Amino acid sequence: IAFQTNLLALNAAVEAARRAGAEIREGTTVDELLYEEGAVAGAVVRERSGVRHIIRARIVIGADGLRSVVARRIGRRWYGPPSRLAFVAHIGNVTGLDGHAEMHVDGKGYVGLNRIGAGGLANVALVVPVKAAVQARGRVSPFFFEQLERFAGVAGRMRSDNVLREILVTGPFAAWSGRTV
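What counts and what doesn't
Residues numbered from 1 in each chain as written. Predicted model: local features only at pLDDT ≥ 70, side-chain atom pairs only at ≥ 80, totals over all residues. Heavy atoms only, no water. Helix = DSSP H or I, 4+ residues; strand = E, 2+ residues; numbered from the N terminus. Buried < 20%, exposed > 50% of the residue type's maximum accessible area, 1.4 Å probe, protein only. Contact = heavy atoms within 4.5 Å. Areas by Shrake-Rupley, 256 points an atom, 1.4 Å probe, with all protein chains shown as cover. Pairing = 2+ DSSP bridges. Axes fitted to C-alpha atoms, helices over the stretch in contact; angles between N-to-C directions. Salt bridge = Lys/Arg side-chain N within 4 Å of Asp/Glu carboxyl O.

1. A closer look at the overall build of the chain
The number of helices and strands found in the chain is four helices and 10 strands. When the helices and strands of the chain are placed in sequence order, the string is α-β-β-β-α-β-β-β-β-β-α-α-β-β. Looking at the 181 residues of the chain, the share that counts as buried comes to 31%. In the chain, once contacts between residues fewer than 6 apart in sequence are set aside, the share between residues at least 24 apart is 58%. For the chain, the computed accessible surface area is about 11100 Å², with 54% contributed by carbon and sulfur atoms.

2. Observations concerning the sheet that holds strand β2 (residues 39-47)
In spatial order, the strands read β1-β2-β3; together these three strands make up an open sheet with antiparallel pairing. Both outer strands of the open sheet, β1 (28-36) and β3 (52-56), are each paired with one neighbouring strand and no more. Within this sheet the neighbouring strands show an average axis-to-axis angle of 25°, counted without direction. Bridging between β2 and β3 involves five bridges; their strand directions are antiparallel. Bridge pairing in β3 places Arg-46 opposite Arg-52.

3. Regarding the side chain of Asp-31
You can see Asp-31 is positioned in strand β1. Those residues in contact with Asp-31, other than ones at most four positions away along the chain, are Val-44, Val-45, Arg-46, Arg-52 and Arg-73.

4. Brief notes about the sheet that holds strand β5 (residues 84-91)
With respect to topology, five strands assemble into an open sheet ordered β6-β7-β8-β5-β9, the strand pairing being antiparallel. Since the sheet does not close on itself, it has two edges, and those belong to β6 (102-106) and β9 (163-170), each with one partner. When the angles between neighbouring strand axes are averaged without regard to direction, this sheet yields 10°. The pairing of β6 with strand β7 (residues 109-115) spans five bridges and is classified as antiparallel. Paired with Asp-106 across the two strands is Gly-109, which belongs to β7. Of the strands in this sheet, β5, β7, β8 (122-129) and β9 touch helix α4 (residues 140-148), which is tilted by about 90° from β8.

5. Digging into the environment of Asp-98
Residue position: Asp-98 is located in the loop between β5 and β6. The spacing of Asp-98 and Arg-115 is 17 residues in sequence and 8.1 Å in space, taken between C-alpha atoms.

6. Some points on the pattern of salt bridges
Under the definition given, this model contains eight salt bridges. Note that Arg-52 is salt-bridged to Asp-31, the shortest N-O span being 3.1 Å. With Arg-52 in strand β3 and Asp-31 in strand β1, this residue pair connects regions lying 21 residues apart in the sequence. The exposure class assigned to Asp-31 is buried, which follows from its relative accessible area of 10%. Its salt-bridge partner being Arg-157, residue Glu-102 comes within 2.7 Å of it at the nearest N-O pair. Here Glu-102 is found in strand β6, whereas its partner Arg-157 is found in the loop between α4 and β9, with 55 residues between them in sequence. Arg-157 gets classed as buried once you look at its relative accessible area, which sits at 11%.

7. Comments concerning unusual backbone geometry
A positive phi is found at Glu-37, a non-glycine position, where the angle reads about 50°. With respect to the element layout, Glu-37 can be found in the loop between β1 and β2. For Glu-37, a relative accessible area of 88% puts it in the exposed group. With phi around 60°, Asn-93 is a residue other than glycine that occupies positive phi space. Positionally, Asn-93 belongs in the loop between β5 and β6.

Pasting the structure below:
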């Protein structure tokens, strides 16, 4: 699912990787991938200071998002027409959050709720087909909250006056990478 990452879940994943023996390098940027015998064998990374390092690895994971540097470096990148768009906001006082991410799905889209702070602060992401999203033109906030009310497990749990970061619209999410054979 391609919406903003829950920092609690991200931190837990990083710590699990560290315990399993992974070397974590934060604040670095991938400049190039290293190849051996046609396979990715590591990366050339650059620190914030500009210093570059070669890192060899049996496995390279491109977990750097929709516009992934790693995905772009491994080969041709394809984008499909936008079939879905996401509406994402930080909302305070969301009721019923117990520390776990939630996903609510119906035939017309889905909603993800992720606790990101105290006091019921949550990252709320609504994903809908583009054909439905056109109804948001000029009325993003009303559309967002109307759509949230469609989901039985979400209805009534948040209010528009608790939006702490404006509702952002992002997409498309149809992207693929790979070398052509």
